[in-house]
Amino acid sequence: MAEAVRPDLLPRLAAFARLLHDAGLEAGPGRLTNAARALSFVSLSRPEEFRSALRTVFVSRKDDIPVFEAAFDIFWAPPDPRVVAGAIPGRSRTLPLAPEKARAWMDLLGLNRSAMDREEDDESGVPPSSSGYSAEELLRLKDFEDLSWAETEQVKKLLQQAPWRVAERRTRRLRGSRSGAIDLRRTARSAIHSSGELIRLLHRKPRLRRRPLVLLCDVSGSMEKYSRLLLIFAHAIARREDVETFVFSTRLTRISRLLRQRDIDRALHGVGHSVHDFSGGTRIGGALAEFNRRWARRVLGHGAIVVIISDGWDRGDPELLETELSRLRRSAHRLIWLNPLLGSEGYEPLTRGMAAALPHVDDFLAAHSVKALDDLGRLLSTLDRRRPARR
């Protein structure tokens, strides 16, 4: 038998279980006890045995594996001074947490002091901020339109490493559980082994799945200042969620497969070659009509959330936009509109497109900074399982 678990390891094991719980895995006191017991049967000096023992205890579903692996890499890997905030040492996976919890854990694990901050200190020779904000926080608040080239590269890293977790939904499939409705079939089957006596009742409850996400991003001329960073944002989500992504200007183009490439530069290069109306005019109503006709039935199943990213400048017919948005809203679980101009001081949605769209959207949010996109992440992680009341 391998060595017993060291007493000093137990507090770290409890903290790791808390991180898994925040990431959505079942990691209560019972599993923590089982984890400590499992580690007594493996060699703690062998990393793979240590990882496998904890994975066996904390992972119950196939969908839990990438979440566990990401949490393990973040928590147990030695600190790396070259790692930027939220990155996983030596790996490309990220952990899906709410933004506030993610920052708290990065502070606790010492990952919030980024290489970006150190480079700015070296170049300027002055503290990142004299107002109490870190350089990263100031960068999160800065409008994409005002970013320098160096800041754009830093924001690109922040968007790629941002934690995302879309709310879950109940499916019709059931799985065994310690609580919930009684599973008569499994209970009767288990009674066979005890001569027909019902010794214990088995339960079941619906499986949980992440809601699909559909992104419709405006890449017209008026959105040129924001399009690249918003596509990086779409790529970051597509790497870890079930996402269908479309871009539109004068016509609609599906880019979901292109954004699933691991390398962001290759993905954006492919998008540039496939989309022929970048920085063109805007016909939002026509693009939504094509989406509703060709793609809605394919991608809006299972309670999908639709996110439209546009400034609302539209050269098309406002009545067509209103009709197609109304139709789209009836098919989606939630319809969210992100407008980069909403973060500008004194902005009012008075354009024809925005005025026609607002009565049909459930949420109207800004998309001009990393902080605004964090707010979207917070909303997506806390969505109610029921549809919002339609006005």
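Residues numbered from 1 in each chain as written. Predicted model: local features only at pLDDT ≥ 70, side-chain atom pairs only at ≥ 80, totals over all residues. Heavy atoms only, no water.

J.: Is there a simple way to explain a nonpolar patch on the surface in this structure?
T.: A surface patch of nonpolar side chains, amounting to about 300 Å² of accessible area, comprises Ile182, Leu184 and Leu201. Among the structural elements, leucine 184 can be located in helix α9 (residues 184–191). (Patch = residues over 30% accessible without salt bridge, like charges linked within 9 Å, V, L, I, M, F, W, Y side chains within 5 Å. Areas by Shrake-Rupley, 256 points an atom, 1.4 Å probe, with all protein chains shown as cover. Salt bridge = Lys/Arg side-chain N within 4 Å of Asp/Glu carboxyl O. Helix = DSSP H or I, 4+ residues; strand = E, 2+ residues; numbered from the N terminus.)

J.: Looking at this structure, I do not really get the pairing of strand β5 (residues 243–248). What am I missing?
T.: Most of β5 sits out of view: 6 of its 6 residues are buried. Residues Val243, Thr245 and Val247 point to one face of β5 and Glu244, Phe246 and Phe248 to the other, with burial holding for every one of them. The pairing of strand β4 (residues 213–218) with β5 spans 6 bridges and is parallel. Paired with leucine 215 across the strands is threonine 245, a residue of β5. As defined by bridge partners, β5 adjoins strand β6 (residues 252–254) across 3 bridges and the pair is classed as antiparallel. (Buried < 20%, exposed > 50% of the residue type's maximum accessible area, 1.4 Å probe, protein only. Pairing = 2+ DSSP bridges.)

J.: Just to check I follow, could you spell out helix α12 (residues 264–274) for this structure?
T.: Residue pairs three or four apart in sequence face the same way in an α-helix, which turns once every 3.6 residues. All of the buried residues in α12 are Ile264, Ala267, Leu268, Gly270 and Val271. Down the axis of α12, the sector holding all buried residues measures 155°, keeping them to one side. For α12, the exposed residues lying more than 90 degrees away from the buried face are Arg266, His269 and His273. Measuring from the side-chain oxygen of the N-cap residue of α12 to the backbone nitrogen of aspartate 265 gives 3.2 Å; that N-cap residue is aspartate 263. (Arc of directions from axis to C-beta. Polar contact = N/O pair within 3.5 Å; in protein donor to acceptor, adjacent residues only side chain to side chain.)

J.: Can you help me understand the environment of valine 275 in this one?
T.: Summarising the element assignment, valine 275 is placed in the loop between α12 and α13 (284–294). As a C-alpha pair, valine 275 and threonine 253 span 22 residues in sequence and 6.6 Å in three-dimensional space.

J.: Please clarify how the side chain of glutamate 290 should be interpreted in this entry.
T.: With respect to the helices and strands, glutamate 290 occurs in helix α13. Leave out the neighbours within four places in its chain, and glutamate 290 touches Arg251, Leu252 and Trp295. (Contact = heavy atoms within 4.5 Å.)

J.: Help me understand the confidence of the model for the protein chain in this model?
T.: Any region with low pLDDT has predicted coordinates that should not be read closely. Summing up the model confidence of the protein chain, the mean pLDDT is 78 and the portion of residues at 70 or higher is 79%. Ranking the elements of the protein chain by mean pLDDT puts helix α6 (residues 115–124) last, at 42, and α13 first, at 92. Predicted confidence for residues 113–133 stays below pLDDT 50, and this span has 28 contacts to residues more than four positions away or in other chains. (pLDDT = per-residue confidence, 0-100.)

J.: Just checking my understanding: could you explain the sheet that holds strand β9 (residues 363–366) for this structure?
T.: Two modes of strand pairing occur in sheets, parallel and antiparallel, and in both the strands are linked by backbone hydrogen bonds. Spatially, 6 strands are ordered β6-β5-β4-β7-β8-β9 in an open sheet, and the strand pairing comes out mixed. Lying at the two open borders of the sheet, with one neighbouring strand each, are β6 and β9. Taking the axes of each pair of neighbouring strands and ignoring which way they run, one obtains an average angle of 20° across the sheet. Here strand β8 (residues 334–339) runs beside β9; their pairing, made up of 4 bridges, is parallel. Bridge pairing in β9 links tryptophan 337 to phenylalanine 364. (Axes fitted to C-alpha atoms, helices over the stretch in contact; angles between N-to-C directions.)

J.: Where do I start with the packing of α13 against helix α15 (residues 318–331) in this structure?
T.: How two helices pack is summed up by the angle between their axes together with the distance between the axes. Across the interface, α13 lies against α15 with an axial gap of 8 Å and an inter-helix angle of 35°. The way α13 lies across α15 gives a crossing that is left-handed. Contact residues: α13 offers Ile284, Gly285, Gly286, Leu288, Ala289, Phe291, Asn292 and Arg293, while α15 offers Leu320, Leu321, Glu324, Leu325, Arg327 and Leu328. In terms of residue class, the contact of α13 with α15 is built from 8 nonpolar, 3 polar and 3 charged. (Left-handed = near helix turned anticlockwise from the far one by under 90°. Nonpolar A, V, L, I, M, F, W, Y, C, P; charged D, E, K, R; others polar.)

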